[in-house]
Number of protein chains: 2
Amino acid sequence: MEKETLDPWGTTTVQNYDRLSSEFGIERLKPLIPRFKKPSLHIRRGIDFGHRDLGKILDAIDNNKPFAVMSGIKPTGIFHLGTKMTADDMVFFQSTSPKATVYYCIADIEAYNDNGISLQESSKIAIQNVADILALGLDPDRAVVYKQSEEVRVLQYGMIFSRGVTNNMLRAIYGDRPIGLYLSALVQVADILMPQLPELGGPKPVLVPVGADQDPHIRLARDLATKYHDEFGFIPPSSIYHKLMKSLSGQAKMSKRTITSSFTLGEEPSSAAKKVMAGFTGGRATVEEQRKIGGEADKCPVYDLYLSHFAHEDEYAKRVYDECYGGIRMCGECKSELAKIVKKDLDDHRKRRESYMKDAEELIAKSKSYLGSLAR
Amino acid sequence: MEKETLDPWGTTTVQNYDRLSSEFGIERLKPLIPRFKKPSLHIRRGIDFGHRDLGKILDAIDNNKPFAVMSGIKPTGIFHLGTKMTADDMVFFQSTSPKATVYYCIADIEAYNDNGISLQESSKIAIQNVADILALGLDPDRAVVYKQSEEVRVLQYGMIFSRGVTNNMLRAIYGDRPIGLYLSALVQVADILMPQLPELGGPKPVLVPVGADQDPHIRLARDLATKYHDEFGFIPPSSIYHKLMKSLSGQAKMSKRTITSSFTLGEEPSSAAKKVMAGFTGGRATVEEQRKIGGEADKCPVYDLYLSHFAHEDEYAKRVYDECYGGIRMCGECKSELAKIVKKDLDDHRKRRESYMKDAEELIAKSKSYLGSLAR
């Protein structure tokens, strides 16, 4: 059996999420679900499957203590569905407590170092991305948004942390990579630890919701938090992981590089619907076979879309699943049913996003002047 | 014959400065000396021995065009004599033209990554260092002082440039180093190129006066300026190199790590005088031999002090030199003569520096608000 690999800059495919526990020490989320008063769709449905140290966050919620929810989002374009998962988790955890503050990092340094997107370009895309997360329900009153490239703290601490790592340590975590990527990893550690700086209220639990492939950054951040504990008081950050979306074009992971594998929240609804109709499924070779032994929803990127985003009710998701395995639901009808929902949801989201563009600009400006006003 | 090596973070010893030309492409300064109206002490005496592209700066002086003089000074303590050389060169080139602006970078990121000095500590030392250079004659009206760790531009461009280098390129220039040092090298490239950013007047000649051991940074900066020329319009920076001070304790290079090898501008004058008296010389085994065949001023760290800093008149330096080789001047008397000058000069400098402490703080604050006010 091949080992699982988690690569934040490559194409990660996870065969078996349970194995991430034995291989990387990611803990299973399931035992903690009863501690949530109202678990989110992702948590209820097992899309969020694992965590590190989530107990610290749940304790903070229970005890009404401050904590931060932080994630970096690369401004590479309109939110794709994987980014939406991270954003949904940020919004959800913000809603769990009045003491939760969201730090939304516009990861423009990483977008530049990994994808070659200029900072100017990032800056434009970022406004739309922030409008996206506002449309998904983010409360701007408890949110701080900033660009990596402009926040002197994260750049400065990225530099500081570069002294705390050895080249071997970076190679062990990330493999042999260009220095630019190592560097953006260090900046991301600084992003993750920033909410614990004195001027931002000092040490506190920080939850980082990310895709499973981003776990290497979490491990590095936890190592460095421990290493610098005496100097800065950092508490190792907590994390929660969502599964990676399956690709509509049949590869293991959705990739923005394969245009038919996925769609964004900004895609023309009719074009997205077409991609759904053309998508691979977990169906059988013939209709007859499928009626006889049922489809395989667990392997199906179309079902993945229902489960992760487009079946708003749990019961509906369950019905799709049961009908698939029961051989009642054929792929063609299943896809056109989904295509309709996708069309409507994208249309609704687009309208909401547009109505939030001004708020997005305001939130960015407000955050900038807030961070600028803090002593360093 | 061993190859020369230039290592900005190690102990560089140069056996033969002329060979730096054939091995690294550093050009000899001598042919350009006639172009200076009033060459500085360092230039007249061959202490500044080499350059890259200095012609561009001389053209700017002749044509009354703007240019920048920039160097990064590590705030590791009160100026030692090598730093004073760099500072003297900055002051001199500022004086060559009303269109010259000095950028003085407090290299606190490098002090942290190379020497483990905290940013807080650096911040205190930096004020004294700026007072030092003011005492050496810097005109604060055409000078911008900033800390690497606080100037978002250099941190940002350091990150950007990290994408423009390969690990092999860094290894070829610097050898196999921890990522923290590679990173501080990239930040230094950003320091060097910053004066050419649009908000600072755009592309222009920039002169970097440094010790010969810092040439690797210059090569990297020139490579990257060329690489990013199309995007940012950078002109490859020029440089001028001073020789490295000989160590009083007999090693090849002065080192702050060997306490008797050197003294700082802040050292107790009597303690500095003692170090001079205890210093190695280029003298012969016996007084008799020295009278007969003369001493070797060219190999003598005591003569080096006369030549580089303490013989204010050229004629006096020449006399010391001639008397040494002529067997007239014995090491003991030569050292006590120097010790007296050192004592007086350090005493004078200390008084001047103290009188500039307030101006130093003002210059730092003024620069910070100036850089902060510029669009980015």
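Values in this document were obtained by computation on a predicted structure and should not be read as measured data.

1. Section: unusual backbone geometry
All names here are of chain A.
Line of reasoning, step 1. One non-glycine residue, D53, lies in positive phi territory at about 55 degrees.
Line of reasoning, step 2. Its place among the elements puts D53 in the loop between β2 (48-52) and α3 (54-62).
Line of reasoning, step 3. Phi at N64 is positive, roughly 55 degrees, even though this residue is not glycine.
Line of reasoning, step 4. Along the polypeptide, N64 turns up in the loop between α3 and β3 (67-73).
Line of reasoning, step 5. N64 sits in the partly exposed class, given a relative accessible area of 39%.

2. Some details on the sheet that holds β3(A)
Residue and element names in this part refer to chain A.
Line of reasoning, step 1. With respect to topology, 7 strands assemble into an open sheet ordered β1-β2-β7-β6-β3-β4-β5, the strand pairing being mixed. With partners counted over all chains shown, the strands left at the sheet margins are β1 (27-28) and β5 (143-147), one partner each.
Line of reasoning, step 2. Pairing analysis gives 5 bridges linking strand β6 (residues 206-211) to strand β7 (residues 238-242), with the strands arranged parallel. Bridge assignment links V210 to a residue of β7, and that residue is Y241.
Line of reasoning, step 3. Its contacts with the sheet put helix α4 (residues 81-95) on β2, β3, β4 (100-106), β5, β6 and β7, and the angle it makes with β3 is roughly 165 degrees.

3. A word on the domain arrangement of chain A
Residues and elements named next belong to chain A.
Line of reasoning, step 1. Domains assigned within chain A are domain 1 (19-244) and domain 2 (259-354).
Line of reasoning, step 2. One C-alpha centre belongs to domain 1, the other to domain 2; they are set 29 Å apart.
Line of reasoning, step 3. Taken together, the contact pairs 18 residues of domain 1 with 19 residues of domain 2.
Line of reasoning, step 4. The contact between domain 1 and domain 2 buries some 1500 Å² in all, and 57% of this surface belongs to carbon and sulfur atoms.
Line of reasoning, step 5. Taken together, the connections running from domain 1 to domain 2 amount to 3 salt bridges.
Line of reasoning, step 6. For R45, the salt bridge goes to D314, with nearest N and O atoms at 2.9 Å.
Line of reasoning, step 7. Between the two partners, domain 1 and domain 2, sit 11 residue pairs in polar contact (both at pLDDT 80 or more).
Line of reasoning, step 8. Among the elements of the structure, α2 (41-44), α4 and α6 (119-135) are those that each provide at least two residues to the side of domain 1 that touches domain 2.

4. A short note on the nonpolar core
Line of reasoning, step 1. Ranked by internal contacts, the top residues of the largest apolar core, which has 116 residues, are A:L20, A:F161, A:L220, B:L20, B:F161 and B:L220.
Line of reasoning, step 2. Apart from the residues within four sequence positions on either side, B:L20 is in contact with B:E4, B:L6, B:V14, B:G25, B:I26, B:F49 and B:A212.

5. Re the packing of helix α14 (residues 301-310) of chain B against helix α15 (residues 314-325) of chain B
Residue and element names in this part refer to chain B.
Line of reasoning, step 1. In the contact formed by α14 and α15, the axes pass within 9 Å of each other and the chain directions differ by 165 degrees. Judged on the interaxial angle alone, α15 and α14 are roughly antiparallel. Crossing geometry of α14 relative to α15 is assigned as left-handed. Where α14 approaches α15, its residues Y303, Y306 and L307 are matched on the opposing element by Y316, A317, V320 and Y321.
Line of reasoning, step 2. In the contact of α14 with α15, the residues fall into 7 nonpolar, no polar and no charged.

6. Description of the pattern of salt bridges
All names here are of chain A.
Line of reasoning, step 1. Here the structure, examined in full by the defined rule, presents 57 salt bridges over all chains.
Line of reasoning, step 2. For R219, the salt bridge is made with D215, and the minimal N-O distance between the two is 3.3 Å. Of the two residues, R219 and D215 are both situated in helix α10 (residues 215-227); the distance of 4 residues between them amounts to about one turn of the helix.
Line of reasoning, step 3. You can call D215 buried: its relative accessible area is 0%.

7. Description of the sheet that holds strand β1 (residues 27-28) of chain B
Residue and element names in this part refer to chain B.
Line of reasoning, step 1. Spatially, the 7 strands line up as an open sheet ordered β1-β2-β7-β6-β3-β4-β5, and their pairing is mixed. Where the open sheet ends on each side, the last strands, each with one partner, are β1 and β5 (143-147).
Line of reasoning, step 2. Relative to strand β4 (residues 100-106), helix α6 (residues 119-135) is tilted by about 150 degrees, and along the sheet it contacts β3 (67-73), β4 and β5.

8. Regarding helix α16 (residues 331-355) of chain A
Because each turn of an α-helix spans 3.6 residues, side chains separated by three or four positions end up pointing in the same direction.
Line of reasoning, step 1. Helix length check: α16(A), at 25 residues, gives a terminal C-alpha distance of 36 Å against a target of 36 Å (1.5 Å per residue), a fit within 8%.
Line of reasoning, step 2. In this fold, the buried residues of α16(A) make contact with α6, α12 (269-277), α13 (287-293), α14 (301-310), α15 (314-325) and α17 (357-373) of chain A.

9. Observations regarding the packing of aromatic side chains
Line of reasoning, step 1. Enumeration according to the criterion identifies 30 aromatic pairs over all chains in this entry.
Line of reasoning, step 2. Residues A:F49 and A:Y241 carry aromatic rings whose centres are separated by 6.4 Å and whose planes lie at 35 degrees to one another, so their mutual orientation is tilted. Taken as a pair, A:F49 in strand β2 and A:Y241 in strand β7 lie far apart in primary sequence, 192 residues in all.
Line of reasoning, step 3. Taken together, the ring pairs in this structure connect A:Y157, A:F161, A:Y228, A:F232 and A:F234 into an aromatic cluster.
Line of reasoning, step 4. Just above the ring of A:Y112 sits the side chain of B:R163; from NZ or CZ to the centre is 5.6 Å.

10. Let's talk about the relation of the copies chain A and chain B
Line of reasoning, step 1. Between chain A and chain B, the superposition needs a rotation of 180 degrees and an axial shift of 0.0 Å, giving an RMSD of 0.0 Å. Read as a symmetry element, the transformation amounts to a two-fold axis. Taking C-alpha positions as the reference, the residue of chain A nearest the rotation axis is A:V152, at 2.7 Å.
Line of reasoning, step 2. A high fraction, 100%, of the interface residues of chain A reappear at the interface in chain B, so the copies pair face to face through one surface.

11. Observations concerning the packing of helix α12 (residues 269-277) of chain B against helix α16 (residues 331-355) of chain B
All names here are of chain B.
Line of reasoning, step 1. Where α12 meets α16, the axes come as close as 8 Å, and the angle between the chain directions of the two elements is 155 degrees. Taken together, the axes of α12 and α16 are roughly antiparallel relative to one another. Regarding α12 and α16, the two cross each other, and that crossing is right-handed. Contacts between α12 and α16 involve P269, S270, A272, A273, V276 and M277 from the first element and G332, K335, S336, L338, A339, V342, K343, L346, D347 and R350 from the second.
Line of reasoning, step 2. Here the contact of α12 with α16 is composed, by residue class, of 9 nonpolar, 3 polar and 4 charged.

12. Things to note about the pairing of β7(A)
Residues and elements named next belong to chain A.
Line of reasoning, step 1. Most of β7 is tucked away: 5 of the 5 residues are buried.
Line of reasoning, step 2. Burial along β7 is two-sided: the residues S238, I240 and H242 and S239 and Y241 are all buried.
Line of reasoning, step 3. Sheet topology places β2 next to β7; 4 bridges connect them, and they run antiparallel. In the sheet register, H51 faces β7, and the bridge partner there is I240.

Cut-offs and rules
- Residues numbered from 1 in each chain as written.
- Chains lettered and ligands numbered in written order.
- Predicted model: local features only at pLDDT ≥ 70, side-chain atom pairs only at ≥ 80, totals over all residues.
- Heavy atoms only, no water.
- Helix = DSSP H or I, 4+ residues; strand = E, 2+ residues; numbered from the N terminus.
- Buried < 20%, exposed > 50% of the residue type's maximum accessible area, 1.4 Å probe, protein only.
- Pairing = 2+ DSSP bridges.
- Contact = heavy atoms within 4.5 Å.
- Axes fitted to C-alpha atoms, helices over the stretch in contact; angles between N-to-C directions.
- Domains from an automatic or database assignment.
- Buried area = accessible area lost by both parts, 1.4 Å probe.
- Salt bridge = Lys/Arg side-chain N within 4 Å of Asp/Glu carboxyl O.
- Polar contact = N/O pair within 3.5 Å; in protein donor to acceptor, adjacent residues only side chain to side chain.
- Core = buried A, V, L, I, M, F, W, Y, C linked by side-chain atoms within 4.5 Å.
- Parallel < 35°, antiparallel > 145°, perpendicular 65-115°, else oblique.
- Left-handed = near helix turned anticlockwise from the far one by under 90°.
- Nonpolar A, V, L, I, M, F, W, Y, C, P; charged D, E, K, R; others polar.
- Expected span 1.5 Å × (residues − 1).
- Phe/Tyr/Trp six-rings, centres within 6.5 Å; stacked < 30°, edge-to-face > 60°.
- Lys NZ or Arg CZ within 6 Å of the ring centre and 35° of its normal.
- Least-squares fit on C-alpha atoms with pLDDT ≥ 70 in both.

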